Amino acid sequence: MQEIVLNGIDEKVLYEVLDNGLSVYMLVNEKVNNFYMTLSVKYGSIDTEFKCKGDKGFTKVHNGVAHFLEHVNFNEGEGKTAHDYFNKLGSSINAFTTFDFTLYEVFASSEFTKNLNHLLDYVETPYFTKELIEKEKGIICEEVKMGKNNPGQKLYYGMNNALFKKDKRRNLVTGEVKDVSETSVWELEKVYDTFYHPANMYLVITGNFNPYEAIGIIKENQANKKFSKFKMPIRKKVKEPIAVNIEYQEIEANVEIPKVKICYKMPKSIFGDYTQIELSIYLSIILRNNFGATSLLKEDLMEKELIVGLRAGREIFQDVVTIELLVETKYPKEIIPILKEKMNNLLLSKDDLKRRIRCNIAALINDLDDIEFVNTDIVDQLITYGKIEDNMYDLYRNLELDKVNDIIKKIDTTHNSTVVLIPFKEK
Amino acid sequence: MEYKVYDCDSYKIHTIKTDKFKNCSMEIMFRNNLIKEEITENNMLVDMLMHSSKKYPKRRDIAIELENLYSSSVRGFSTRLGNSIMLSFVLDFLNPRYCDEGYLEEVISLPFELLLNPNVDNLEFDRRSFNIIKNRIKSDIESLKENASRYAFRRSLTLMDKDSPSSYYMTGYLSDLENITPSSLVDTYHRMLNDYICDIYIIGNLDMDKVVQLIKDKFKIKTIKDYKVNLYVDNKIRKKNLDICETGNYEQDSLVMIYNLDNLNKKERDYVIQLYNIILGSGGLTSKLYKYLREENSLCYIVSSMYQKYDGLLLIYSGIDKKDKNKCLKLINKALQEMINGDFTDEELDNAKKAVISSIKMSEDTNGGIINNYLFNELDNLPLYDERVKEFKKISKKDVIEVAKKVKLNTIYLLSGEDK
């Protein structure tokens, strides 16, 4: 087992990659009662076209298959589900699917060995029958409809559809009702066989437990199972143009006050040599300062009673960086140009930077109390960067004003979309 | 963990010393009996006080100060606990050992600075801040409909009995909001300081004698309050239940069932009904409701029962398709009847106990959970965690059946989308 020392915050992560390829990461907190374990599979909703060595063409599956698989993977045969087992232990379990991965989680305070073994066993042992899959369709369709009741989700996907022409983030993680209804057993089996392999999974454990015992349990568990060789699937690349799909769109929704989202799309290459994590930190600091709680613009617009809320964020994809502004306002026509103007005049002073550095370092320490947060953070880093960043502390401490200004200069606001959720018109 | 209470005449300080966390938390709370007409102004007040003060005239000034104090946070909120209202101000901050000299005093002083030196001139709150907050609350009230399940709960409880505190909408009412002025809010402010019972809870790995001295120096209020706040709402039982449908712009239909819990004794309220609730419908994916509605009949994605202790109510919620309403009602009744008949195994009861004990253990891993442990002990004589774990273990199947007989249907409510 190897150790990653997290600089500056007095913590370490233990990790090992097993012979079958399973990556295990552990961070112990002996002060708490509980432990939290997650098994993440690098297969998400956007991975709908893929091929393995020897395949002639790409296999295409319905949208929502990753999420469907997450639902039915709890089945264990003989009418039992993983819930029955964990319920007897008093543990709480759940799972969720994102664009990029599927995560299965266990939260518990006792019976460490049984919890750990069963998490590995149920995720690694498929049980699909036509009957169970048909039954699940009604449930998932209600989940899709529940999502559509939520204006936040409507705005989110409305924007993805406006911003992207090809990217699969345009589609609901769950798929539409039609996708769900048409999903078949072979698709689920195909995806399971291709992606649900230990070499494509991360097991992350945080909280109060003995990591040396844990690795022993994991190794024994894995040694008792046979896995064929990982097929190293290749996902079909989608070439997303920098031009947006729709520049301006209004969508009716269950809102009283319109919600506006403005999104900018730019090639990652324009920023030059920054690492993904550096770019992510700098952009976050810049946006917070200009649109967050300490921004002058926000205060001014609130005082003039033009807006009720304002937030900003960024996302960094393979080749594309997006910046989004989210505002609630009764005056979209007046506010949109003001925000766009501000995007071309971003500012950050030396004092601002100093303050933000202090906040980020404080958060680094603070977050350690929450074993769920720590775990999620490790998973996010593994999925995004393929490794743990062991030096966040120095990264934060060494942030430079020159780089802030350099990045501000490079932000390109040419390509953008605006989506406005408006109240339903009276019929 | 070391718990101590300091009686400071007009308020009490409760200190909980523990080395469990790297962050610390302080909660200042004011309690009183709930009056519907005061909900909106109370809600506005807690926001106002955390938004600006004499020393920090704008919200941005506070935001900058908080960031300088190692990303601390302060927030104010009002909550209803049965018949009572609680106005809380919470400060979360980093343990001083990671911070500069003098940090503890600076950070502890902040909420008292905000509470005691509000942005008031000529007996009026600062109008700029006032308008920002008023707008925000207006928007919060108006956006209730955006969340289908929240709206369905609010509507169903209002239809059940609009005069019951259980139905009050704690964000506030537009009609009351219109009547609040920068000067009337100053009266609200004085009422809170003078009439409401005040307690301060502080948790962390801190020198508590020093903390208590700091608070005593900063927080000097001089009113003695000596009366009882009554928590439990008496919701009347109905001879014939209501059955109401309403429509809105929704893709999915929402079903809410409201049940009275008729005359539970303390043991039933504190322990038995919680186990009942887990077996029936709150126990995640193995409960009876989940099994019948979701697993066996694919009628929904979400179905869950909730125990509202201080309202004496049990609620069931499910997101369904309205054509399935009768089928759902039948299955829900089947589950409830099985509880009365004792059609559940000892193992199910045992699993429910394990789930409760597990959730208690989880609460012990957060500052807020530990504060609540002592708070509810003080407010409602609810035994502390360890004692509760022991009591839960003693509950028998017979106890659960007795409680099952006291669950009485009051209202069936369906919020449906337009015809599709």
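If you're wondering where the values come from, they're calculated on a predicted model, not measured in any experiment. (Residues numbered from 1 in each chain as written. Chains lettered and ligands numbered in written order. Predicted model: local features only at pLDDT ≥ 70, side-chain atom pairs only at ≥ 80, totals over all residues.)

Draft legend 1. Summary view of the overall build of chain B. Scanning chain B for helices and strands turns up 15 helices and 13 strands. Since a compact globule built from 420 residues should have a radius of gyration of about 22 Å, the 23 Å found for chain B is in line with a globular shape. Taken over the C-alpha atoms alone, chain B extends approximately 60 × 50 × 40 Å along its principal axes. Per-residue burial over chain B gives 46% buried out of 420 residues. (Helix = DSSP H or I, 4+ residues; strand = E, 2+ residues; numbered from the N terminus. Rg over C-alpha atoms; globule rule 2.2 N^0.38 Å. Buried ≥ 20, exposed ≤ 12 C-beta atoms within 10 Å, placed from the backbone.)

Draft legend 2. Summary view of the overall build of chain A. What chain A contains, in helices and strands, is 15 helices and 17 strands. The C-alpha radius of gyration of chain A comes to 23 Å, within 12% of the 22 Å expected for a compact globule of 427 residues. In terms of its C-alpha atoms, chain A occupies a principal-axis envelope of roughly 65 × 55 × 45 Å. For chain A, the residues scored as buried account for 41% of the 427 residues in total. In chain A, 79% of the contacts between residues at least 6 apart in sequence involve partners at least 24 apart. (Contact = placed C-beta atoms within 7 Å.)

Draft legend 3. Examining the domain arrangement of chain B more closely. Residue and element names in this part refer to chain B. The domain boundaries assigned to chain B delineate domain 1 (2–218) and domain 2 (242–416). Facing 22 residues of domain 1, the contacting portion of domain 2 comprises 25 residues. Breaking the side of domain 1 that touches domain 2 down by element, the ones donating at least two residues are strand S2 (11–17), strand S3 (23–33), helix H5 (148–160) and strand S8 (197–204). At ten residues, the largest contribution of residues to the side of domain 1 that touches domain 2 is made by H5. For the side of domain 1 that touches domain 2, the class distribution of residues is 13 nonpolar, six polar and three charged. (Domains from an automatic or database assignment. Nonpolar A, V, L, I, M, F, W, Y, C, P; charged D, E, K, R; others polar.)

Draft legend 4. Molecular detail of the sheet that holds strand S5 (residues 49–51) of chain A. Residue and element names in this part refer to chain A. Pairing is antiparallel in the open sheet, where three strands are placed in the order S6-S5-S12. Both outer strands of the open sheet, strand S6 (59–60) and strand S12 (234–235), are each paired with one neighbouring strand and no more. Relative to S12, S5 runs antiparallel, the two being bridged by two bridges. Note on S12: the bridge partner recorded for Lys-51 is Ile-234. (Pairing = 2+ DSSP bridges.)

Draft legend 5. Structural view of the interface of chain A and chain B. Listed by partner, the interface residues are 45 residues for chain A and 50 residues for chain B. Listing elements by their share of the side of chain A that touches chain B, those giving two or more residues are helix H2 (82–89), helix H4 (130–148), helix H10 (296–303) and helix H12 (350–366) of chain A. Top contributing element to the side of chain A that touches chain B by residue count: H4 of chain A, with eight residues. For the side of chain A that touches chain B, the class distribution of residues is 16 nonpolar, 13 polar and 16 charged.

Draft legend 6. Helix H3 (residues 112–124) of chain A, seen in detail. All names here are of chain A. An ideal rise of 1.5 Å per residue puts 18 Å on 13 residues; H3 measures up with 18 Å between its terminal C-alpha atoms. Those residues of H3 that sit buried are Phe-112, Asn-115, Leu-116, His-118, Leu-119, Leu-120, Tyr-122 and Val-123. Where the residues of H3 are buried, they touch strand S4 (35–41), strand S7 (75–77), H2, strand S10 (102–108) and helix H8 (211–223). (Expected span 1.5 Å × (residues − 1).)

Draft legend 7. Fine view of helix H13 (residues 371–385) of chain A. All names here are of chain A. Over its 15 residues, H13 runs 21 Å from end to end, which matches the ideal 21 Å to within 8%, given 1.5 Å per residue. Those residues of H13 that sit buried are Ile-371, Val-374, Asn-375, Asp-377 and Ile-378. Seen from one end, H13 has its buried residues packed into an arc of 160°, which puts them on one side. Close packing links the buried residues of H13 with strand S3 (23–28), S4 and strand S11 (201–207). Directly after H13, the chain includes Gly-386, whose backbone phi takes a positive value near 75°. (Arc of directions from axis to C-beta.)

Draft legend 8. Quick peek at the packing of helix H1 (residues 39–51) of chain B against helix H4 (residues 127–142) of chain B. Residue and element names in this part refer to chain B. Relative orientation of the contacting elements H1 and H4 amounts to 135°, with a least axis distance of 10 Å. Taken together, the axes of H1 and H4 are oblique relative to one another. By crossing handedness, the relation of H1 to H4 is classed as right-handed. Seen from H1, the contacting residues are Asn-43, Met-44, Asp-47, Met-48 and His-51; seen from H4, they are Ser-129, Phe-130, Ile-133, Lys-134 and Ile-137. In the contact of H1 with H4, the residues fall into five nonpolar, three polar and two charged. (Axes fitted to C-alpha atoms, helices over the stretch in contact; angles between N-to-C directions. Parallel < 35°, antiparallel > 145°, perpendicular 65-115°, else oblique. Left-handed = near helix turned anticlockwise from the far one by under 90°.)

Draft legend 9. View of the sheet that holds strand S10 (residues 253–261) of chain B. All names here are of chain B. In spatial order, the strands read S9-S13-S10-S12-S11; together these five strands make up an open sheet with mixed pairing. The open sheet has two free edges, formed respectively by strand S9 (242–247) and strand S11 (303–308), since each of these has just one partner strand. When strand polarity is set aside, the average angle formed by the axes of neighbouring strands in this sheet is 15°. Pairing of S11 with strand S12 (residues 313–320) involves six bridges; the strand directions are antiparallel. Residue pairing in the sheet places Tyr-307 in a bridge with Leu-314 of S12. H5 contacts S9, S10, S12 and strand S13 (407–416) of the sheet and is inclined by roughly 130° relative to S13.

Draft legend 10. Spatial organisation of the environment of His-415 of chain A. Residue and element names in this part refer to chain A. If you trace the backbone, His-415 turns up in the loop between helix H15 (401–410) and strand S17 (416–423). Through-space distance from the C-alpha of His-415 to that of Lys-354 is 32 Å; in sequence the pair is 61 residues apart. Beyond its immediate sequence surroundings of up to four residues, His-415 is in contact with Ile-242, Ala-243, Val-244, Tyr-264, Lys-265 and Met-266.

Draft legend 11. Examining the environment of Leu-172 of chain A more closely. Residue and element names in this part refer to chain A. Here Leu-172 lies in the loop between helix H5 (151–163) and helix H6 (177–182). According to the C-beta neighbour criterion, Leu-172 is buried, with 21 such atoms within 10 Å. Between the C-alpha atoms of Leu-172 and Asn-360, which are 188 residues apart in sequence, the distance is 33 Å. Setting aside anything within four residues of it in sequence, one finds Leu-172 in contact with Gly-64, Val-144, Gly-147 and Tyr-157.

Draft legend 12. Seen up close, the packing of helix H9 (residues 276–291) of chain A against H15 of chain A. Residues and elements named next belong to chain A. Interhelical geometry of H9 versus H15 gives an angle of 80° and a closest axis separation of 10 Å. As far as their axial angle goes, H15 and H9 are roughly perpendicular. Counted together, Tyr-282, Leu-283 and Ile-286 of H9 and Lys-403, Val-404, Ile-407 and Ile-408 of H15 form the full contact between these two elements. Looking at the contact of H9 with H15, its residues break down into six nonpolar, no polar and one charged.

Draft legend 13. Structural view of the domain arrangement of chain A. Residue and element names in this part refer to chain A. Entries for chain A in the domain assignment read domain 1 (2–235) and domain 2 (248–423). Taken together, the contacts link 31 residues of domain 1 with 29 residues of domain 2. Those elements that provide at least two residues to the side of domain 1 that touches domain 2 are strand S1 (2–6), strand S2 (11–17), S3, S4, H5 and S11. Considering each element in turn, the side of domain 1 that touches domain 2 owes the most residues, seven residues, to H5. A per-class count over the side of domain 1 that touches domain 2 returns 18 nonpolar, nine polar and four charged.

Draft legend 14. Inspection of the nonpolar core at higher detail. Grouped together as the largest cluster of nonpolar side chains are 161 residues, with contacts concentrated most on Leu-119 and Leu-203 of chain A. The contact partners of Leu-119 of chain A, leaving out residues within four places of it in the chain, are Met-37, Leu-39, Tyr-104 and Val-106 of chain A. Among the nonpolar cores identified, the runner-up in size contains 55 residues, and Phe-153, Ile-258, Tyr-259 and Ala-404 of chain B belong to it. (Core = buried A, V, L, I, M, F, W, Y, C linked by C-beta atoms within 7 Å.)

Draft legend 15. Quick peek at unusual backbone geometry. Even without a glycine there, the phi angle at Glu-305 of chain A is positive, about 60°. Mapping Glu-305 of chain A onto the fold places it in the loop between H10 and strand S15 (307–316). A count of 15 C-beta atoms within 10 Å places Glu-305 of chain A in the partly exposed class. Here the phi dihedral of Leu-123 of chain B falls at roughly 60°; this positive angle occurs in a residue that is not glycine. Tracing the sequence through the fold places Leu-123 of chain B in the loop between strand S6 (120–121) and strand S7 (124–125).

Draft legend 16. View of the environment of Ile-132 of chain B. Mapped onto the secondary structure, Ile-132 of chain B falls in helix H4. For Ile-132 of chain B, a count of 24 C-beta atoms within 10 Å puts it in the buried group. Residues Ile-132 of chain B and Met-48 of chain B lie 84 residues apart in sequence; the distance between their C-alpha atoms is 9.2 Å. Contacts of Ile-132 of chain B, omitting those with residues within four sequence positions, involve Met-302 and Glu-303 of chain A.

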